[in-house]
Structures are given as structure tokens and as C-alpha cells.
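Listed below, chain by chain, are the residues.
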Amino acid sequence: MKWSLLSILLKKTIMTTIIRNGLFFDGTGTKGQQKDLVIKTGKVAAISDKAPAVEGAKEIDAAGKWVLPGFIDIHTHYDAEIEVMPGLEESLRHGTTTVVMGNCSISAALGRDEEIVDLFCRVENMPAQVLTEWIKDKITWKSLAEYYEHLETLAIGPNVASFVGHSNLRIAAMGVDRSFKVPMANESESAKMDAYLREAMEAGYLGMSIDMLPFHRWAGVFDSTYKGTSVPSQQASVKEYRRLANILREYDRVLQATPNALDKRSGIHLLGMSSGLFRKPLKTTIVAAMDLKSDERIHKLVTALATLGKRFFNADMKFQALSMPFLNYGEGPITPLFEEFPSMVEVIGATSEERIAAFQDAKLRKWFRKDWNHKATSVFPRLLKEMTVVKCPDTSLIGHTFQELTDKQGQGKDGLDYFMDLIIQYDTDLVWKCTAANHRDKVRVGLLAHEATIPGFNDSGAHNVNMAFHDGSLQALRQALDYPDILPIEKAIYRLTKMPCDWLGIDAGSLEIGRRADVCVVDPTKLNSGLTEEPIEDYHPSLKGSFRYVKRSDGVVNHVLVNGEEVFNDTSGFVESVGKKRYGQLLRSKN
């Protein structure tokens, strides 16, 4: 009996952690203060000038460091990855303790396994056989509520919240064929969609995501009928969006939207849905406020839309803002930047032999040239001087832009012809990079600080061989150090933690007594030396020989705690049980 009591007491002391001597930020926007943080049984127990010692407690010396709430990543596509790598280490290592899934109209919450693979494969840009192995015959849940019950069983590293995807709702209510072919569901199908959405809201989903942009496409791995076609949400009518948006308004939830960059009216439609004239405003988070190289005025237009919408229409719109240059990689013609070219829709989903044959065809080359030279606003700057070779069997090409190579060894060819000929020669072995947006530091920081934005759009888990922004929150802190007049440190931390959590309806983001202790300890002296724009290749065993781009922040993050338990430190890396033991929680909407 005595030993049993002693074991209980020991367990209680072991669950006490004291983080001493750090500059403490609670996430509310107040300036940092030198404080000790005491954590007991997963919650903040005390914040004091000098905490008394506790026998058996774990102590962390944070002298010279910042102690702050763990970050939230508001835009991820971890819906498939979480099934096989639930620790989500590539977010945890950067101090992210809460992630939001189910963005861009697609989620794993509803639908058959084959449909989910076809929705995610092209977006995540992962080999079909890998994603199939992750998902095929693994779907045990039969409803939106059961999916959340399933998430409760996973050994998740960070806390997880989710939107429900509109594309999934359409397929479930209308079937695959009609979800692609019919803009407006009939009365019976609409009723089914309404019921699914209400079920999700009752289960605690944050809201619903829609996709008006035609560049997210059906992979056609299992159903090739609609291969390369924009996902079902993009096929829907505005009337359908509005009807479902009103259900979100009823539950005080959030609409996540990707507007149609080719149709400026989509922004007006979203303003109309968010408007609170004679009704409650609908919180609407939109992808994205970026400083495009192809149109350096566009970021002013999107922030003005949200600002004026709030002033004159009582709208509540927040554009997601990426905290670093929008650096993309292409493998030959395979890149999300080329998804906006109609000529590349079939090419991107083709085999190597089919791609090479396509670029040898005069009609395709003429079509590609027409797309390249179009005058409309484009995310991709379409300049060969902005595209640099990073890998190629001919190593003499590496480090040069395609314009430089054309001028040097193009033998009088037009630059675009030279580029297409290189694709014929090397296909996906020709790897290049291009910064398409967010290239001006001061403009980028201004967007992070703007009242019409939420820092985010990291897209973690998506476009895995094209981009990596997992360290987005740390990059924002680095820029806050460089531009304190635009984005003071305490404001940056607030905008990366409590502000988005409160706005989205998530119980996270601050370190206050009695609250869950999700903590990140950061060395501010390493922010400028420990972060890079360039990603590295990660060959995780679950990727079966393929790779994904990830980021590293060596020495910047010293400790990460989720629910009061340390999951990562800069000395020994991840705790061995990450990915095997459940640290995070499923965070249901608190609205």
C-alpha cells in the first residue's frame, strides 16, 4: 500500500516541469517579461518571478531564450500523412503544436478510400503507390463523427483540428459523376449535403473548406474518367456555396476558401458570403495574400477587399499570409505553377514517355507557348531568368537560369523552345526552382502584420516535392526581429498563436494559468543563422524510397512541449515515443 502511494506521488512530481529564466510571452500580445513557468499535469500551474523548487520536477534553463506558446499552422494537408506518421515531426520540430487539416475542399473525413486517394494524390504530389498504401483499405470510419473518433485513437504529436472538405460532401451526396458534371445539386442532394455539414458541425469541425480555383485536380489513379479535372468543389455554383455558408453562419463556424484567380468575381462572392449586413458575419479565411512577381499590386487589392468589406459590409475576412518567399521546385513540367496552364493539365498527369512525346508535338508546343505568353494575372511569373536549374544529369547546367543557358548554349533557339527541348531530353530529372511571390522583404512583413491577414498558408503536407514551408512561424519571428517597427515581437507571437486560435474557435494559443501547456522555447540569437529558405530532401521510410522537401531550424528551437510533455529538444531530438504515444489532442470547435 505504501509503495502504491509512493508511486502515485512520484508520478505527480515527474509530471511537473519548471522552465526558468526565460523571456516569457503569454501569447496575448503583451511584451515579454523575465518569468519562470511552472507546468503540472499538462497545464500551466504558475507564472512567477522565481518559482520555488519542486522535488523530482524536470527543470529547463531558458536563460537568454524566449518562452512562448506553441505555434498553430492554420493551413496543412496532413490528412493522409497523419495515418502513417501521426507524430507529424516535420511540424513539431519547428515549434508547431497545433495543426489544421481539411483545407482546400479536400479531407479524409468522408468518402471511399479510392476517392480520397484521387482527391489527394495530385495535390500532395506523392507517388500514387505510396498514397494508395497509406489509404487503400485503411478507411474504418463510416461517418464524419466516426472520423473524429478515429483521430482520437491516433498517436498524434501536435494537437489537431480540421475543416470538412466541400469536395468530399459533393461526392458523398451526388456521386462522383454528378459532383463533376452538375454545378447545382438537386433538392435531394442538397439536403444530403446540408445533413453532412450539420453532422460535422455537431461533431466539432471548425467549418468547411471550398475551392474555387481550377488548379487543384483529380488524380485519376482509380477513376480516370475525370483525370486532370478540377476537384468537385470547383464545379459547384455560387448558390450552393452560399447555402452551405449559411449553415456555417448558424453554427458560428469558419469558411476556408481558395478563390478563383482567373475570375475576380470570386472575391466579391466571398465578400457577399462573409457579409454581416442584417445578419451575423461569417468568418472567412482566404488563400492568400501574397506579393506576386507577376503583379506587384495584387496584394493591395486583396487586403483592401477585406478592409473595406469589414468597414462597409460588416464582413469578417482574413487572408492567409505566407511568411517567406514563395519558392517552388519543378521536376521538368511537373509543378503546381504549371497547373494554371491548360496545355499542361494532361502532361502533368502523364507517364514519362507521354510527356516526352507531348513536348515533341508541334501543337502542344504552340499551345504551351500561348499559355506562357498570356496577359492575365498569374502566380507564376513566366520568366526564364527567374528559373534556376538545381539538378540535372548534365551538371554544367546546375546553378544557371534557363535564360542564361539559352544565351550561352541555346544555339540561336528561342528560350522557350530551349526549355522544352531540355524537358524532352531529361524529363523529371531536370529540376529547377523559382520564387514566384513574396520576394520583397518589407512588403512581406507588412502583410504578416496587416489586420486583414492571418500568418499561415504553410501548406504543410502538400506539394511535397515542390515546396516546404513547415518553419513558417519561425521565419515570421526572424522578420519581426529585422522589422520591429512593422511587426513587434510580441505582436508577431500573438498573430502566430492566440489570435488565429481565437478567431478559428480553437482552444489553444496562449500560456495562462489553468490552460493546456503547449510550449516552445526559442533561441532568438539563432533566428538569423539557423533558418534557411532552401529545403532539404527527406527520405522517410514511409515514403518507400521517394522523398519530400522539408525544412530544418537547427539550434533555433530548444524545446517543444505538447500538453506539458516534452516531445523535442535540440540536444537529443525527438522523444522516442513521438509517433507511438499520443501527445496532442483533437481540438473541436469551442463555438
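This text goes with the structure placed above it.
Keep in mind it's a predicted model, so treat the numbers as computed, not measured.

**Describing the overall build of the protein chain**
At step 1: Secondary structure summary: the protein chain contains 20 helices and 23 strands in total.
At step 2: Over its C-alpha trace the protein chain gives a radius of gyration of 24 Å, about what one expects of a compact globule, namely 25 Å for 591 residues.
At step 3: Each principal axis of the C-alpha distribution contributes one length, and for the protein chain these read about 85 × 60 × 50 Å.
At step 4: Within the protein chain, buried positions represent 61% of all 591 residues.
At step 5: Look at the contacts in the protein chain between residues 6 or more apart in sequence, and 76% of them connect residues 24 or more apart.
At step 6: Total accessible area on the protein chain stands at roughly 22,800 Å², and carbon and sulfur atoms take up 53% of it.
At step 7: Both charge centroids of the protein chain, one from 72 positive and one from 76 negative side chains, sit 4 Å from each other.

**A word on a nonpolar patch on the surface**
At step 1: A surface patch of nonpolar side chains, amounting to about 580 Å² of accessible area, comprises L277, F278, L308, F312 and F313.
At step 2: Note on placement: L277 falls in the loop between α10 (265-274) and β12 (283-287).

**Digging into the packing of aromatic side chains**
At step 1: Enumeration according to the criterion identifies 27 aromatic pairs in this entry.
At step 2: When the ring of F180 is compared with that of W218, the centres are 5.2 Å apart and the planes differ by 80 degrees; the resulting orientation is edge-to-face. Of the two residues, F180 sits in helix α6 (residues 166-181) while W218 sits in the loop between β10 (207-211) and α8 (232-235), which places them 38 residues apart along the sequence.
At step 3: Judged by relative accessible area, which is 1%, W218 ranks as buried.
At step 4: Between F338 and W372 the ring centres are 6.5 Å apart and the planes differ by 80 degrees, which places this aromatic pair in the edge-to-face class. Of the two residues, F338 is situated in the loop between β14 (327-331) and α12 (345-348) and W372 in helix α14 (residues 362-372); the sequence distance between them amounts to 34 residues. Summarising the burial analysis for this pair, F338 and W372 share the class buried.
At step 5: Grouped by ring-pair contacts, the aromatic residues F338, F341, F359, F368, W372, F380, F402, F419 and W432 constitute a single cluster.

**Thoughts on helix α18 (residues 472-482)**
At step 1: Counting buried residues in α18 gives nine out of eleven residues, a clear majority hidden from the surface.
At step 2: Buried within α18 we find G472, S473, L474, Q475, A476, L477, R478, Q479 and A480.
At step 3: Packing partners of the buried residues in α18 comprise β5 (66-69), β6 (71-73), α17 (441-449), α19 (489-496), β18 (519-522) and β21 (557-562).

Here is what the cut-offs are and how they apply
Residues numbered from 1 in each chain as written. Predicted model: local features only at pLDDT ≥ 70, side-chain atom pairs only at ≥ 80, totals over all residues. Heavy atoms only, no water. Helix = DSSP H or I, 4+ residues; strand = E, 2+ residues; numbered from the N terminus. Rg over C-alpha atoms; globule rule 2.2 N^0.38 Å. Buried < 20%, exposed > 50% of the residue type's maximum accessible area, 1.4 Å probe, protein only. Contact = heavy atoms within 4.5 Å. Areas by Shrake-Rupley, 256 points an atom, 1.4 Å probe, with all protein chains shown as cover. Lys, Arg positive; Asp, Glu negative; His and termini not counted. Charge placed at Lys NZ, Arg CZ, Asp CG, Glu CD. Patch = residues over 30% accessible without salt bridge, like charges linked within 9 Å, V, L, I, M, F, W, Y side chains within 5 Å. Salt bridge = Lys/Arg side-chain N within 4 Å of Asp/Glu carboxyl O. Phe/Tyr/Trp six-rings, centres within 6.5 Å; stacked < 30°, edge-to-face > 60°.

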